[in-house]
Amino acid sequence: MMRTIRGAAAFVMLFGASNFPLGAHATIVSWKVLNNNRVFLNEDNQKKFQQELCRARECSKENEDSDHLCQPYRDVLKGQYCAKDRLRKNDGVSYWIPLPESLPTAWDEYTATYGPKADYIFSKIRKIRGRAHDLPDNASCRWELIPPGPNAPENTNCAEFIGKVELDVPYKLTIHVTKPDNTIEDTSRDVLVHDIFVVALGDSYSSGEGNPHTVRGILDQGPYKSMQLDTWWDRRCHRSLFNFTSMAVGLAAIQNTLLDSPKHTFTYLNYACSGAQVKDPSPATQGEGGLLTTYAGRETLDQISYYEKLFSTDLGLGKRNAASDSKFLPAQIDQLKAMICPEGAFKKDCENMRRPDYVIMTIGGNDVGFGDIIRQALLMCNSTLSNLGHALGVSEQCAIDAVKGRLDRLARDLGSLATVLEDVKPKKVLLSEYVDLTHNEKRVSCDDFNMDRTLGPADLRIVGVGITREAAEITYRTVLLELNKVLKAAAVAHRDQGWKFVSGIERRSEIRGWCAKPSWFVTWADSSFKQGFLPDSNSQLSRTLTTGIAHPNIFAQNFAAWRIRCEFDKDGLIPAGFSQLPVDSKASCEPLQQ
């Protein structure tokens, strides 16, 4: 099927004009699924989320693919794109501050579940809206859905039909128009709706760390008091709607409306948690991993309780159920399993298991100690190899071997992950590579001591806090490139189980590192402004522990989302070619490595 038409014929080709002779009047019928991004509780919230994505890209000048994505919102937003209170500049680099308001979703942070499960995961009923265009003057009309939908239509008038259909059942929506001369004109559209089940698992890159929904208020009454806390989709995991999988689904849901038939709804689950690792399950790894084992979360219950007292605010600890009030969060894979069997508890042979169409992951960075290496390289003020040694808890001369040892362990743990994922029977597993944060727009390695934009606190460079060019180069070669090789090898090894390696992200980000202008990464200054600091082990607010540092900002997340939309494009979920970035010849959808 031709999935995208542009130009003057687009409307008629996409929405149809039935078989009327050239020059005769023709009523045109179009239709769409309401609230097709089902993680939002209504269509208005879905639209507001999409508007924020478009605003951010327009105002950041990172607007390579915004023309066809954001055009529907330009008339709505008019001149409101770049409000000064939403646009912050750090070292001359602009970034967008989401979100202006809370957008209710299917995720309930207090019960740590999506739901209600029966409706969100297993409901087969969807609401559609049909519209008639170019109706004759003074005509009367009657809408008809064949076969009849599961419920009586909610609204029918000449201009609009609102009713419900069942997934995977073909319908025909017809408007019978009676003209003033009593002649009858019938115009029909085929209606067919499928649902796409998307699951996100993994670490901070998949959770959206570094991109809170609202930032901490302006500091007052000393260095630690704040008018308000930063807010998240899920606080314990620092999970944000501005992660690449949520953005990919949000954009695909909008673009999917341009398809003729079938159209799709998207059911989305995200259990990713900042700091998570694979960790092959064993008694020794409980409380440490997150993906296959339990995990304390990016913010522990003790830290959240401290926040409630310090900021005199209610973060809902008293509302939490047993699952979310536990010292440790359940393993991400166990949280997923609890959702996909309609009978209740997970069983491998449960009837009508809801198989994910896509499981999308970033994982492995914490397993090899990437975040620890960055933090130690930033703060230890010694040679690069010494920094790596301190980060890994080994001597300097063993640092490189220790990284290799962790990579080897990760490769084995990814094999265990593949085995466990077989239980939930995903149709596709998309394993994303990691971004390169170590180079500037000229592909020169970052150097906090000789460049304007620093990863660490700029005013502490004078006392030796920062990352040298040598540290950036060796971190890139020893950790980042080798980590991506291990991930690609795992995807290739398990391709018979539907695994694919999502490439192209590291190459594109190599000109957008933390020192680049513009940058795709959250620096210490960015993170401390947006997220503030976490309580330390002494139950005091840390002066340095801000967890957003070195993570992809909303613009990097948007590019990774585009790579996922390439896969949606291949599977016919969005109009053909809408995932392309024509401005950059290198940014093509191929290859998504097998």
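Basis of the calculations
- Residues numbered from 1 in each chain as written.
- Predicted model: local features only at pLDDT ≥ 70, side-chain atom pairs only at ≥ 80, totals over all residues.
- Heavy atoms only, no water.
- pLDDT = per-residue confidence, 0-100.
- Helix = DSSP H or I, 4+ residues; strand = E, 2+ residues; numbered from the N terminus.
- Contact = heavy atoms within 4.5 Å.
- Expected span 1.5 Å × (residues − 1).
- Bend = angle between axes of the 7 residues up to and from the residue.
- 1 Å grid on protein atoms, 1.4 Å probe; cavity = no way out; pocket = protein on both sides within 12 Å on 5 of 7 lines; lining within 4 Å.
- Points joined across faces, edges and corners; volume = space filled by probe spheres on them.
- Nonpolar A, V, L, I, M, F, W, Y, C, P; charged D, E, K, R; others polar.
- Pairing = 2+ DSSP bridges.
- Axes fitted to C-alpha atoms, helices over the stretch in contact; angles between N-to-C directions.
- Buried < 20%, exposed > 50% of the residue type's maximum accessible area, 1.4 Å probe, protein only.
- Polar contact = N/O pair within 3.5 Å; in protein donor to acceptor, adjacent residues only side chain to side chain.
- Disulfide = S-S within 2.5 Å.
- Core = buried A, V, L, I, M, F, W, Y, C linked by side-chain atoms within 4.5 Å.
- Salt bridge = Lys/Arg side-chain N within 4 Å of Asp/Glu carboxyl O.

Caption draft 1: Focus on the confidence of the model for the protein chain. The pLDDT averaged across the protein chain works out to 80; a share of 77% of its residues lies at or above 70. In the model of the protein chain, helix α1 (residues 10-15) stands out as the element of lowest mean pLDDT, 36, in contrast to strand β14 (residues 358-362), which has the highest, 98. Considering only residues more than four positions removed or in separate chains, one finds that residues 63-67, a stretch of pLDDT under 50, has 18 contacts. When the criterion is pLDDT under 50, residues 581-587 qualifies, and its contacts beyond four places in sequence or with other chains add up to 13 contacts.

Caption draft 2: Examining helix α12 (residues 469-493) more closely. Along its 25 residues, α12 runs 35 Å from first to last C-alpha, staying within 8% of the 36 Å computed at 1.5 Å per residue. The principal kink in α12, of about 35°, is found at Y476.

Caption draft 3: A look at empty space enclosed by the protein. By the definition in use, this model includes 6 cavities of 30 Å³ or more. One number sums up the size of the largest cavity: a volume of about 80 Å³. Together, Y205, F244, T362, S432, E433, Y434, V435, I505, P552, A556, Q557 and A560 line the largest cavity. Among the elements that line the lining of the largest cavity, the one with the most residues is helix α15 (residues 554-570), at 3 residues. Classifying every residue of the lining of the largest cavity gives 8 nonpolar, 3 polar and 1 charged.

Caption draft 4: Local environment of the sheet that holds β14. Here we have 5 strands laid out as an open sheet, ordered β13-β12-β14-β15-β16, and parallel in their pairing. Every interior strand has two partners, whereas the edge strands, β13 (263-270) and β16 (499-502), have only one. Direction aside, neighbouring strands of the sheet carry axes that sit 25° apart on average. In this fold helix α6 (residues 244-256) packs onto β12 (193-202), β13, β14 and β15 (429-432), with an angle of close to 165° to the strand it touches most, β13. Contacts from α12 reach β15 and β16 within the one sheet, and its direction differs from that of β16 by about 150°.

Caption draft 5: Representation of the environment of Y358 in the model. Among the structural elements, Y358 can be located in strand β14. According to the relative accessible area criterion, Y358 is buried, its value standing at 4%. For the pair Y358 and G498, spaced 140 residues apart in sequence, the C-alpha to C-alpha distance is 9.4 Å. Discounting chain neighbours no more than four positions away, the residues touching Y358 are I196, F197, V198, V199, K428, L430, E567, F568, D571 and L573. Engagement of the side chain of Y358 in a polar contact is seen with the side chain of D571, the distance being 2.4 Å.

Caption draft 6: Representation of the sheet that holds strand β9 (residues 160-166) within the structure. Strands sit in the order β1-β6-β9-β8 across an open sheet of 4 strands; the sheet is antiparallel. With one partner strand each, in any of the chains shown, β1 (28-33) and β8 (155-156) form the two edges of the open sheet. Bridge analysis of β1 against strand β6 (residues 125-133) gives 6 bridges, and the strand direction is antiparallel. Across the sheet, V29 pairs through a bridge with A132, a residue of β6.

Caption draft 7: Up close: the state of the cysteines. A full pass over the atoms with the stated rule returns 4 disulfides. A disulfide bridge connects C141 with C158, and the sulfur atoms are separated by 2.0 Å. Of this pair, C141 sits in strand β7 (residues 140-146) while C158 is found in the loop between β8 and β9, placing the two residues 17 residues apart along the sequence. Looking at C141, the relative accessible area reads 22%, which means it is partly exposed. On the accessibility criterion, C158 (25% relative accessible area) is partly exposed.

Caption draft 8: Up close: the nonpolar core. Counting 114 residues, the largest nonpolar core has Y114, L269, M361, L414, L417, L421 and W514 as its most contacted members. With residues near it in sequence (within four places) discarded, M361 still touches L201, S206, L417, L421, V429, L430, L431, S432 and W499. Among the nonpolar cores identified, the runner-up in size contains 16 residues, and W31, L167, Y171 and V177 belong to it.

Caption draft 9: Geometry of the pattern of salt bridges. Inspection of every chain in the model, using the stated rule, returns 26 salt bridges. In this structure, E160 and R131 form a salt bridge, with 3.3 Å as the shortest nitrogen-oxygen distance. Of this pair, E160 sits in strand β9 while R131 sits in strand β6; the two residues are 29 residues apart in sequence, bridging distant segments of the chain. Note that K172 and D190 form a salt bridge whose closest N and O atoms lie 2.8 Å from each other. Here the residue K172 occupies a position in strand β10 (residues 171-178), and D190 occupies one in strand β11 (residues 184-191), the gap between them amounting to 18 residues. A relative accessible area of 38% places K172 in the partly exposed class. Several salt bridges share partner residues, and in doing so they unite K428, K500, E567, K570 and D571 into one network.

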